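Listed here are the chains, written in short residue letters.
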Amino acid sequence: MEAVQRFTELSRQVMGFIYPNEIDIQWSILIVVYPYITGLVAGAFILASLVKVFNVKELQPTYRLAMLTALAFMLIAPLPLQLHLGRPERSYEMFMTPNLTSAMAMFGFVYLWYLMLVLLLEIYFEYRRDMIVWSSETTGLRKWLLKLLSLFSTDISEKAVAFDKKTVKVITIIGIPSAFLLHGYVGFIFGSIKANPWWSSVMMPVVFLFSAIVSGIAMVMLLYMIVKPLLGGKIDMKCLDKVASFLFYAVIVDFSIEVLDFIHRLYESEESIKILSQLVSTKLFMSLVVLQILLGMLLPLFVLAVIKILKLQEEVRKLLYFVCGLLIQLGIFSTRWNVVIGGQLFSKSFRGLTTYKMEMMGIEGFLVALVLLIIPFVILSILLKLLPPWKKEELTGN
Amino acid sequence: MERRDFLKNLCWVISAGGIMGGLTADAWATILNKDYDTTKHYYGMGIDIDKCIGCGRCMQACKTENDVPAAPFYFRTWVERYVIKTDNTVYVNTINMESVEMPDVFPEKEVLRSFFVPKLCNQCDHPPCVQVCPVGATFKTDDGVILVDSKRCIGCRYCIQACPYGARYLHPETRVADKCTFCYHRLVKGLLPVCVEVCPKQARVFGDLKSIASPLGRFSRMNKIHVLKPSLNTDPKVYYANLDGEVN
């Protein structure tokens, strides 16, 4: 009876004709959260790699913070997928008997590669010396935790530290294509669905990748502005301006690619163009045109350009950077929403649009999604306590 | 136990788990009927649009036979009603489903063409659902039928996204993907799919593509055959006669 009631409610919001099995949206808010989170991981790592590989000295203060941010989000990344599965207790099958023709089957391997061989290893070598020093300076649980995390190594000789430094650089170099792979592959999952013209595009992995870079840089920028003063430090304006600069360029590239993708779709305009334009002008108008493009992209782009041109005061710059960071997060989350949900709102008969009613409480509902978005910050705060990103003298400014 | 032995045993347990995880395509048929030889058949279905009267008996019979949820959505097979008016506007709905927009009756002089189109899983020769399934729960049998191993499916719904025909759904009780199997449990016993059996107008023709004398062989000789969404190159094995270009 409940099902019939839900059906009647949903069918009232259906426009035109849809296939009968299409009344339910298959990939819900959790699948929106998933690419958003992995995007932040990839983006934060790319920012970190600017320091280690491309030697952008000004960004040094954000390096460790970016790495820890990437790790905090990475640890949560598989959770939305797991919670979304119809039979989560069988997820291990993906590792045991992966179907090698499926892009999704690669998830576990790409994930493990990135987590184990890139993030954890790089963070280990970056912090190894400090962990040994810190563990000798403190007592109790923290001491043992640090000892454990440093894998009980004790060598802080110059030679060993030099080796750490070199290794970090090598891992970062391997990490850059890995970060591209991680998020490019998430885009590939959507881009390779030929049956869905909103997704099926070779540009999809590229669009995913650049929006990931944008969101990651913006997130680290926000966190830097919040965390550093919280820990008693002062925001390094040179660093912040540089981060904002990179953010500005990344948004320009991202925007150009998205526009190119859009023009490509229009130019190709097959049988699907009618329904897609209907989709954009009705169901996705708010989230695509207003949130993603106007507020999430053009406005921050404009503001960042203004900051670059006019020599604004430090405090004003800080405020504007902060607002831009928030707007960009909003925009990139909308990007994920528009891809994932938008791609399911039109029927594969190309004759109608269905609707997505987000649950509030259910396992695939709003609250779970919200919790999933909050947990990484909790993890990050623990990581920051355990592995401080800045040394005491950096915080006091000496 | 020595470390070496432990590791060896661990490898055994893991690989045994992998093997237990699923049956081979062939083993399925053998479980259902041990005398059945999958290599001797290759199945397809023919549908004559001109014969379908939209009575919906196939939809009902399918739901009963295959434990498809009774709710007014979720179908392994359904029938679409098309009304094309003289001004070339097209109305489509699924019969037996409440429709907000489409009237039951149109003034006769306004109607250019009107017909019914039964739909089901197209049992593609190049099935996108099989390609994308991350665990191999969706597979193609040797006799050309696409099945879902419900004991293995993890319910990720990638296959539902990949199917261009809207033929798959997530079963609300088992929480795994479900779709038409051509009534595979009947086929291996030499019976017809239930939708074919109950059709009062013989609009559905079932047969073996390996046999030129089967009803399907005759059907394709006597009619010009079309498939749905041919541009996607999925090579469906559900063949339509008298299909209107409006149908997709």
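Below or above, wherever it landed, is the structure these notes cover. (Residues numbered from 1 in each chain as written. Chains lettered and ligands numbered in written order. Predicted model: local features only at pLDDT ≥ 70, side-chain atom pairs only at ≥ 80, totals over all residues. Heavy atoms only, no water.)

Re the overall build of chain A
Okay, so step 1: Each helix and strand in chain A was counted, giving 16 helices and two strands.
Okay, so step 2: Computed over its C-alpha atoms, the radius of gyration of chain A comes to 23 Å, within 12% of the 21 Å expected for a compact globule of 398 residues.
Okay, so step 3: Counting only C-alpha atoms, chain A reaches 70 × 55 × 35 Å along its principal axes.
Okay, so step 4: Within chain A, residue pairs in contact and separated by at least 24 positions form 81% of the contacts whose partners lie at least 6 positions apart.
Okay, so step 5: On chain A, roughly 17600 Å² of surface is accessible, and the fraction owed to carbon and sulfur atoms is 70%. (Helix = DSSP H or I, 4+ residues; strand = E, 2+ residues; numbered from the N terminus. Rg over C-alpha atoms; globule rule 2.2 N^0.38 Å. Contact = heavy atoms within 4.5 Å. Areas by Shrake-Rupley, 256 points an atom, 1.4 Å probe, with all protein chains shown as cover.)

Focus on the packing of aromatic side chains
Aromatic rings in a pair are described by how distant their centres are and how their planes are angled relative to each other.
Okay, so step 1: Evaluation of the coordinates by the stated rule reveals 26 aromatic pairs over all chains.
Okay, so step 2: Taking the centre distance of 5.7 Å and the plane angle of 25° together, the rings of Phe190 of chain A and Phe208 of chain A count as stacked. On the criterion of sequence distance, the pair formed by Phe190 of chain A in helix α8 (residues 158-191) and Phe208 of chain A in helix α9 (residues 204-230) is long-range, its members being 18 residues apart. Of the two residues, Phe190 of chain A and Phe208 of chain A, both sit in the buried class.
Okay, so step 3: Here the aromatic residues Trp27, Phe190, Trp199 and Phe208 of chain A together with Tyr158 of chain B are joined through ring pairs into a cluster of three or more.
Okay, so step 4: Note that Arg64 of chain A overlies the ring of Tyr127 of chain A, its terminal NZ or CZ placed 4.2 Å from the centroid.
Okay, so step 5: Over the ring of Trp144 of chain A we find Lys147 of chain A; its NZ or CZ atom is 5.8 Å from the centre of that ring. (Phe/Tyr/Trp six-rings, centres within 6.5 Å; stacked < 30°, edge-to-face > 60°. Buried < 20%, exposed > 50% of the residue type's maximum accessible area, 1.4 Å probe, protein only. Lys NZ or Arg CZ within 6 Å of the ring centre and 35° of its normal.)

Side note on the sheet that holds strand β3 (residues 90-94) of chain B
Residues and elements named next belong to chain B.
Okay, so step 1: Taking strand neighbours across the sheet as the criterion, the three strands line up as β3-β2-β4 in an open arrangement whose pairing is antiparallel. Edge positions in the open sheet fall to β3 and β4 (111-120), since each of these has one partner strand only. Going from strand to strand, the sheet's axes swing by 15° on average, the running direction of each strand aside.
Okay, so step 2: Note that strand β2 (residues 77-85) and β3 share five bridges and pair antiparallel. Note on β3: the bridge partner recorded for Val83 is Tyr91.
Okay, so step 3: Contacts from helix α3 (residues 57-65) reach β2 and β3 within the one sheet, and its direction differs from that of β2 by about 160°. (Pairing = 2+ DSSP bridges. Axes fitted to C-alpha atoms, helices over the stretch in contact; angles between N-to-C directions.)

Quick look at the pattern of salt bridges
Okay, so step 1: Under the definition given, this model contains 24 salt bridges over all chains.
Okay, so step 2: In this structure, Lys318 of chain A engages Glu315 of chain A in a salt bridge whose closest nitrogen and oxygen atoms are separated by 3.3 Å. Of this pair, Lys318 of chain A and Glu315 of chain A both sit in helix α13 (residues 314-340), three residues apart, which is roughly one turn of that helix.
Okay, so step 3: For Glu315 of chain A, a relative accessible area of 53% gives the class exposed.
Okay, so step 4: Residue Asp125 of chain B pairs with Lys140 of chain B through a salt bridge whose shortest N-O separation is 3.0 Å. Linking Asp125 of chain B in the loop between β4 and α4 (128-132) with Lys140 of chain B in strand β5 (residues 138-140), this pair joins segments that are 15 residues apart in sequence.
Okay, so step 5: Here Asp125 of chain B falls in the partly exposed class, since its relative accessible area comes to 26%.
Okay, so step 6: In this structure Lys140 of chain B comes out as partly exposed when scored by relative accessible area, which is 27%.
Okay, so step 7: Residues participating in the shared-partner salt-bridge network are Lys52, Arg64, Glu126, Arg129, Asp130 and Lys391 of chain A. (Salt bridge = Lys/Arg side-chain N within 4 Å of Asp/Glu carboxyl O.)

Structural notes on the sheet that holds strand β1 (residues 43-48) of chain B
Paired through their backbone hydrogen bonds, the strands of a sheet run either parallel or antiparallel.
All names here are of chain B.
Okay, so step 1: Taken together, the four strands give an open sheet; going across it, the order is β9-β1-β11-β10, and neighbouring strands pair in mixed fashion. Here the strands that pair on one side only, and so sit at the sheet edges, are β9 (204-208) and β10 (225-226).
Okay, so step 2: Direction of pairing for β10 relative to strand β11 (residues 238-241): antiparallel, over a ladder of two bridges. Residue pairing in the sheet places Ile225 in a bridge with Ala241 of β11.
Okay, so step 3: This element, helix α8 (residues 215-222), spans β1, β9, β10 and β11 of the sheet and lies at about 115° to β9.

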